[in-house]
Amino acid sequence: MPTNPKTGRVAVITGASSGIGAAAARALAAHGLQLALLARRADRIQALAAELGDDAIAIAADVTDRDSIVAAAERVESELGGADVLVNNAGVMLLAPFTSAQRAEHRQMVEVNLMGAITATEVFLDQLRDGGGDLVNISSVAGRTARPGNAVYAATKWGINGFSEALRQELQPDVRVTVIEPGAVATELTDHITDDETKRATKRFVKDLAITAEDIAEVIVFAVTRPRRMTLNEVLVRPTAQPG
Ligand code: NDP
């Protein structure tokens, strides 16, 4: 699978079982990085690791379960020599009117999208600092805009943006921090919306204009393969036809 020479760098991707995470794994492997694929669906990440060959390992992990992330970091250290790149990509977008009282989903979004990224960063930080690392946080257009029906999702992504900018200042020059804010991307993300009307409307919106997970994967690869003297701090990537 890898088409470029091996770089000796190791990338850890959370939410590598589908969508942007899986596409990023393929793209980074093709650029010579070794991969640690993290997600809850072990069958998916094992199949992807098998596709990528010796350059990838699959580690079943839930970003809301700190112990599973600590165990993943131990495996990355012992089997791959530690992480050079962490892509905080795991996320859920359970859109619904705030008044629909989907309180468990509100908490799930905060736990996965925001606390999950914070936890993975805490756990992998020492590995990233050792030798010049890259932290890539997958935010969203919803991290810069807000609209009815996405209050808590937007809160998590605005949170990721603030988290990223503070860390950028604090961790330089040891760790470069990049936040990527995709617009509509065709993935499984909308499948999990439980509010029927919101799900229909969101799927229709995405279907009409979405870019691909591979488009975002290319941005991730570009960011982490720049010379160390520069950093892509913040990248907003909308489909050309997406207005807001
Ligand atoms: P997918 O639904 O395809 O991917 C989401 C990934 O997150 C899956 O691999 C899933 O793996 C993982 N995940 C969910 N919950 C957990 C958890 N508790 N622990 C570990 N992994 C978890 O959607 P996308 O690829 O679109 O989403 C990736 C990121 O991109 C998200 O952060 C999303 O907010 C962001 N984004 C997406 C946009 C889009 O339009 N698609 C636009 C802007 C941002 P598993 O279920 O196996 O654990």
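Quantities reported herein were computed from a predicted structural model and do not represent experimental measurements.

Draft legend 1. Focus on the overall build of the protein. When helices and strands are tallied, the protein shows seven helices and nine strands. Dimensions along the principal axes, computed over C-alpha positions, put the protein at roughly 50 × 40 × 35 Å. When each of the 244 residues of the protein is scored for burial, the buried share is 55%. Within the protein, counting contacts between residues at least 6 apart in sequence, those at least 24 apart form 70% of the total.

Draft legend 2. Structural context of helix H5 (residues 151–171). For H5, which comprises 21 residues, the first-to-last C-alpha distance of 30 Å matches the rise-based estimate of 30 Å (1.5 Å per residue) to within 8%. The complete set of buried residues in H5 reads Val152, Tyr153, Ala154, Thr156, Lys157, Ile160, Asn161, Phe163, Ser164, Leu167 and Leu171. In this fold, the buried residues of H5 make contact with helix H4 (103–129), strand S5 (133–138), strand S6 (175–182) and strand S9 (234–237).

Draft legend 3. Summary view of the packing of helix H3 (residues 66–80) against H4. Look at H3 against H4: their axes get within 9 Å of each other, and the N-to-C directions meet at 25 degrees. In terms of their interaxial angle, H3 and H4 are classed as roughly parallel. Between H3 and H4 the crossing geometry is right-handed. Facing Arg66, Ile69, Val70, Ala72, Ala73, Val76 and Glu77 of H3, the residues of H4 in contact are Thr119, Ala120, Glu122, Val123, Phe124 and Gln127. Residues that form the contact of H3 with H4 fall into these classes: eight nonpolar, two polar and three charged.

Draft legend 4. Focus on the site of the ligand. Taken together, 30 residues sit near the ligand, with Ser17, Arg40, Arg41, Tyr153 and Thr187 positioned nearest. Interatomic distance of 2.8 Å between a side-chain N/O atom of arginine 41 and an oxygen atom of the ligand. Measuring from an oxygen atom of the ligand, one finds a backbone N or O atom of glycine 91 at 3.3 Å. Relative to its free-state accessible area of 870 Å², the ligand is covered by the protein chains to the extent of 96%. Of all elements in the fold, only helix H1 (19–30) and H5 reach the threshold of two or more residues within the shell around the ligand. Counted by class, the shell around the ligand contains 14 nonpolar, eleven polar and five charged residues.

Draft legend 5. Up close: H1. Its twelve residues give H1 an end-to-end C-alpha distance of 17 Å, which sits within 8% of 16 Å, the value for a rise of 1.5 Å per residue. Judged by how many residues are buried, H1 sits mostly within the fold: ten of twelve residues are covered. When we look at burial in H1, the residues that qualify are Ile20, Gly21, Ala22, Ala23, Ala24, Ala25, Ala27, Leu28, Ala29 and Ala30.

Draft legend 6. Quick look at the sheet that holds S6. Taking strand neighbours across the sheet as the criterion, the seven strands line up as S3-S2-S1-S4-S5-S6-S9 in an open arrangement whose pairing is parallel. Single-partner strands in this sheet number two, and they are strand S3 (56–60) and S9. The mean angle between the axes of side-by-side strands here comes to 15 degrees, regardless of whether they run parallel or antiparallel. Along the sheet, helix H2 (residues 42–52) contacts strand S2 (34–39) and S3; its crossing angle with S3, the most-contacted strand, is approximately 175 degrees. Lying over the sheet, helix H7 (residues 213–224) contacts strand S4 (85–88), S5, S6 and S9, oriented at roughly 160 degrees with respect to S6.

Draft legend 7. Examining the side chain of aspartate 134 more closely. Relative to the helices and strands, aspartate 134 resides in strand S5. On the basis of relative accessibility, which here comes to 2%, the residue aspartate 134 falls in the buried class. Separated by 2.7 Å, the side chains of aspartate 134 and arginine 176 make a polar contact. Within the structure, the side chain of aspartate 134 is placed 3.4 Å from the side chain of arginine 228, a separation counted as a polar contact.

How each quantity is defined
Residues numbered from 1 in each chain as written. Predicted model: local features only at pLDDT ≥ 70, side-chain atom pairs only at ≥ 80, totals over all residues. Heavy atoms only, no water. Helix = DSSP H or I, 4+ residues; strand = E, 2+ residues; numbered from the N terminus. Buried < 20%, exposed > 50% of the residue type's maximum accessible area, 1.4 Å probe, protein only. Contact = heavy atoms within 4.5 Å. Expected span 1.5 Å × (residues − 1). Axes fitted to C-alpha atoms, helices over the stretch in contact; angles between N-to-C directions. Parallel < 35°, antiparallel > 145°, perpendicular 65-115°, else oblique. Left-handed = near helix turned anticlockwise from the far one by under 90°. Nonpolar A, V, L, I, M, F, W, Y, C, P; charged D, E, K, R; others polar. Near = heavy atom within 4 Å. Polar contact = N/O pair within 3.5 Å; in protein donor to acceptor, adjacent residues only side chain to side chain. Areas by Shrake-Rupley, 256 points an atom, 1.4 Å probe, with all protein chains shown as cover. Pairing = 2+ DSSP bridges.

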